[in-house]
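Single-letter residue listing:
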Amino acid sequence: MKKAIVIGSSSGIGKELAKVLSQNGYAVGLTGRRVELLTDLQSELPTESFVKAIDVTQTAEAMQRLQELIREMNGVELITINAGVGFINTEFEWEKEQTTIETNVAGFSAMANVAFKHFLEQSSGHLVGISSIAALRGSGATPAYNASKAFVSNYLEGLRQKASKLKLPITVTDIQPGLVDTAMAQGEGLFWVAPPEKAARQIFDMIRSRRKRAYVTKRWRLIAWLLKAMPDRIYNRM
Ligand SMILES: NC(=O)c1ccc[n+]([C@@H]2O[C@H](COP(=O)([O-])OP(=O)(O)OC[C@H]3O[C@@H](n4cnc5c(N)ncnc54)[C@H](OP(=O)(O)O)[C@@H]3O)[C@@H](O)[C@H]2O)c1
């Protein structure tokens, strides 16, 4: 049986991705801090699943727990790092910046370290990171969030290069969602907000086709193009 872990699967995109994976025959490892939500999800899944409480900000313990989960599942071929937080921080509060960095940068890197080393040991695997279209430019309202997602995308590119130089069949996929209707999508003037089920289905398609990077939903490719092309003098006025 195919086996996958979704780090951060208690709600939103991660929960829906775990469902899609299970519906497609994967045994799934579910992680997050809200274990009761994970056990609820477990009871809905058609395939075998495993639950592990992991707080990615407690990096040393989180790494140990992910290693345990991989052992309990007897190895996996797909690990998606989806856990993340995001806050609108117009008051530039340090606590919000700090939590974002601890989760999306330190937590992400710790999980990527364990996942990639597992794939090195078995000489194959597929690492997927859920970054964001926010990775493309800085933001005055969410400075740490956008910077943290730029870190995620850049880090994944580094791991892809590492795998390529080692000539190992390890795939690294950078998913950059636009807006998805979850607890995290806050603020006014939101547009093209996709249901998490649709986002998860598209992410699964990208995983299946072993894409290096992809925007989700697909139409966000247009916004990405605009963001990259926009001169600073216009961007800074938005
Ligand atoms: N929604 C959007 O519009 C959007 C757009 C672009 C990118 N994204 C990215 O998509 C990913 C999923 O977000 P979502 O929109 O689905 O929001 P969500 O429903 O809030 O899901 C966030 C997930 O991350 C987990 N998580 C957060 N902090 C954690 C921690 N310290 N340790 C372990 N797990 C933690 C949560 O689990 P617990 O709380 O149970 O720990 C939850 O499963 C995030 O990386 C986010 O940046 C979202």
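Residues numbered from 1 in each chain as written. Predicted model: local features only at pLDDT ≥ 70, side-chain atom pairs only at ≥ 80, totals over all residues. Heavy atoms only, no water.

Draft legend 1. Expanded view of the site of the ligand. Close contacts around the ligand come from 30 residues, with S10, R33, Y145, V180 and T182 the closest. For the ligand, a nitrogen atom lies 2.9 Å from a polar atom in the backbone of V56. The set of elements that each furnish at least two residues to the shell around the ligand consists of helix 1 (12-23), helix 5 (143-165) and strand 7 (179-180). Within the shell around the ligand, the residues separate by chemical class into twelve nonpolar, 14 polar and four charged. (Near = heavy atom within 4 Å. Polar contact = N/O pair within 3.5 Å; in protein donor to acceptor, adjacent residues only side chain to side chain. Helix = DSSP H or I, 4+ residues; strand = E, 2+ residues; numbered from the N terminus. Nonpolar A, V, L, I, M, F, W, Y, C, P; charged D, E, K, R; others polar.)

Draft legend 2. Summary view of helix 3 (residues 59-72). Counted at 1.5 Å a residue, the expected span for helix 3 with its 14 residues is 20 Å, and the 20 Å between its end C-alpha atoms agrees. Those residues of helix 3 not exposed but buried are A62, L66, L69 and I70. Down the axis of helix 3, the buried set is contained in an arc of 100°. They therefore lie on one face. Residues of helix 3 that are exposed and point over 90 degrees away from its buried face: A60 and R71. Residues of helix 3 that are buried in the fold lie against strand 1 (3-7), strand 2 (27-32), strand 3 (49-53), strand 4 (78-81) and helix 4 (94-122). Within two residues after helix 3, N74 carries a phi angle of roughly 60°, on the positive side. (Expected span 1.5 Å × (residues − 1). Buried < 20%, exposed > 50% of the residue type's maximum accessible area, 1.4 Å probe, protein only. Arc of directions from axis to C-beta. Contact = heavy atoms within 4.5 Å.)

Draft legend 3. Molecular detail of the packing of aromatic side chains. The tally for this structure, following the rule as stated, stands at six aromatic pairs. Residues F151 and Y155 carry aromatic rings whose centres are separated by 5.4 Å and whose planes lie at 35° to one another, so their mutual orientation is tilted. Of this pair, F151 and Y155 both sit in helix 5, four residues apart, which is roughly one turn of that helix. Under the relative-accessibility criterion, F151 is labelled partly exposed at 31%. A network of ring pairs unites the aromatic residues F108, F151 and Y155 as a single cluster. Of note, R137 hangs over the ring of Y235, and the distance from its end group to the ring centre comes to 4.2 Å. (Phe/Tyr/Trp six-rings, centres within 6.5 Å; stacked < 30°, edge-to-face > 60°. Lys NZ or Arg CZ within 6 Å of the ring centre and 35° of its normal.)

Draft legend 4. The arrangement of unusual backbone geometry in detail. With an omega of -5°, the peptide bond between V216 and T217 qualifies as cis. Inspection of the secondary structure puts T217 in the loop between strand 9 (213-216) and helix 7 (220-229). Within the chain, N74 stands out as a residue other than glycine whose phi angle is a positive 60°. Assignment of secondary structure puts N74 in the loop between helix 3 and strand 4. Residue classification places N74 among the exposed positions, given a relative accessible area of 66%. A positive phi is found at W192, a non-glycine position, where the angle reads about 50°. Tracing the sequence through the fold places W192 in the loop between strand 7 and strand 8 (193-194). What makes W192 partly exposed here is its relative accessible area of 31%.

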